[in-house]
Every structure is written in structure tokens, then in C-alpha cells.
Amino acid sequence: MSQAETGTSTKSPRWYWEDFTPGLSMTFGPREVGREEIVQFARDFDPQPFHLDEEAGKASLFGGLAASGWHTAGIVMRMMCDGFILDSSSLGSPGLDSLKWHKPVLVGDALRARMTVLDSRPMKSKPHVGLVQTRWEALNQRDEIVMTIESWAMFGRRTPGAAVTG
């Protein structure tokens, strides 16, 4: 297994808490979503008919074979991991504030992920950790927002306990 697959690295991270300043925005992708992966994910995790069968998808509100929203979230997570998280001092997340699916992701859609930093502050109880609030958007090839996530993440600080300016 590669370091990217195991989430391990022997080098110092590029991204620390101090690097995630409000307003910072990063975009990753595109990544095309294929029929077979939609069906396989649905078989494994979300076996609703409109995720498994093209005719059921066409007859649904989605108008076609649609990826599970959880599949979309997983695709975006992978883009973010490959884009910066695996090269950061990430310490995980305490959870999501919101997750919304705005439009269906259909076979052949090309997704991009955009992360924008909304807020950043040191963690009072752990001086070596900083908190970063982000908004993630998944966009299709028509620049339509198909999913949004708002959450906080925890990152190691480059200089633990240092005074915060600004």
C-alpha cells in the first residue's frame, strides 16, 4: 500500500493550522462519475432503486441513474484528501455542521470540489491544535452546486501555543 492509501507520511506536512486563513479557497478535480461506480456503491451501501437501475432512475425525481449522496460525499472527501489533507497536519474533525444535497449527480457528471475557509481559531483546551471552519462545495460540469458541507476540522499547529495575531 502507498502512503496515500494508508494516510501515513515520513515528511513534514505542507499545511498546518496557521495556513488556513479565512477566505482561503482551493479547488480540486474534475473527476467523472461513471455508471459502474454508482451502481457498485449503491449495491454496497445505499441500495435504493434509483441508484441501482437506470429505468428506476428515469422514473424517479432524479430523471436518471443517480449517485447516492453518500457516494458524492465520498468522492469529494477523496479529492480533498488527495488535494491537501494527506499533506497536512490534519487531526480529523469533530463532525459536520451541515450536509446538503442540492442536485442529483448523474452518470457522466464531472465533479469538482471547492473548499473555502470560513473561520479559524486555536483550540483553548489543546494549545497544539487549531480549529478551521470550512465550506465544501461539489460542483458539476455546468458549475451547478450539487452538494455543500460545512464543518470544523482540527489541524496541528506549526507553533503550538503561539499568540494569534490578526
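Description of the structure in this document.

What counts, and at which threshold
Residues numbered from 1 in each chain as written. Predicted model: local features only at pLDDT ≥ 70, side-chain atom pairs only at ≥ 80, totals over all residues. Heavy atoms only, no water. Helix = DSSP H or I, 4+ residues; strand = E, 2+ residues; numbered from the N terminus. Buried < 20%, exposed > 50% of the residue type's maximum accessible area, 1.4 Å probe, protein only. Contact = heavy atoms within 4.5 Å. Lys, Arg positive; Asp, Glu negative; His and termini not counted. Charge placed at Lys NZ, Arg CZ, Asp CG, Glu CD. Salt bridge = Lys/Arg side-chain N within 4 Å of Asp/Glu carboxyl O. 1 Å grid on protein atoms, 1.4 Å probe; cavity = no way out; pocket = protein on both sides within 12 Å on 5 of 7 lines; lining within 4 Å. Points joined across faces, edges and corners; volume = space filled by probe spheres on them. Pairing = 2+ DSSP bridges. Axes fitted to C-alpha atoms, helices over the stretch in contact; angles between N-to-C directions.

## Things to note about the overall build of the chain
Counting its secondary structure elements, the chain contains five helices and five strands. Reading the chain from its N end, one meets helices and strands in the order α-β-α-α-α-α-β-β-β-β. Its C-alpha atoms give the chain principal-axis dimensions of about 60 × 35 × 25 Å. The buried share of the chain, taken over its 166 residues, is 37%. In the chain, once contacts between residues fewer than 6 apart in sequence are set aside, the share between residues at least 24 apart is 71%. Averaging the coordinates of the 18 positive side-chain charges in the chain and doing the same for the 20 negative ones gives two points 7 Å apart.

## Brief notes about the side chain of Arg-157
Mapping Arg-157 onto the fold places it in the segment after strand E5 (145-156). No salt bridge is formed by the buried Arg-157; its nearest oppositely charged neighbour, Glu-18, is found at 4.0 Å. Ignoring anything within four residues of it in the chain, the contact list for Arg-157 reads Tyr-16, Trp-17, Glu-18, Pro-122, Pro-127, His-128, Val-129, Gly-130, Ala-162 and Val-164.

## Regarding the pattern of salt bridges
Side-chain pairs of opposite charge can arise where the charged atoms are in close proximity. Scanning the model with the defined rule gives 12 salt bridges in all. Residue Lys-11 is joined to Asp-87 by a salt bridge in which the shortest nitrogen-to-oxygen separation is 3.7 Å. Residue Lys-11 is found in the loop between helix H1 (3-6) and strand E1 (25-32), and its partner Asp-87 is found in the loop between helix H5 (69-83) and strand E2 (95-101); the two are separated by 76 residues along the sequence. Given a relative accessible area of 55%, Lys-11 falls into the exposed group. With a relative accessible area of 22%, Asp-87 lands in the partly exposed category. For the salt bridge of Glu-36 with Arg-35, the shortest nitrogen-to-oxygen distance reads 2.8 Å. Here the salt bridges share partners, and the residues they tie into one network are Arg-114, Arg-135, Glu-137 and Glu-150.

## Some remarks on the layout of surface pockets
Computed from the structure, the largest pocket encloses a volume of approximately 350 Å³. Along its surface, the largest pocket is lined by 21 residues, and Met-77, Ile-85, Ser-93, Trp-136 and Ser-151 are the ones closest to its centre. At the level of elements, H5, E2, strand E4 (129-139) and E5 are the ones that each hand at least two residues to the lining of the largest pocket. With five residues, E5 is the single largest residue contributor to the lining of the largest pocket.

## Points about the sheet that holds E2
Strand order across the open sheet formed by five strands is E1-E3-E4-E5-E2, with antiparallel pairing between neighbours. Across the chains shown, the open sheet's two edge strands, defined by having one partner strand only, are E1 and E2. The mean angle between the axes of side-by-side strands here comes to 20°, regardless of whether they run parallel or antiparallel. As paired strands, strand E3 (residues 110-122) and E4 are joined by 10 bridges and run antiparallel to one another.

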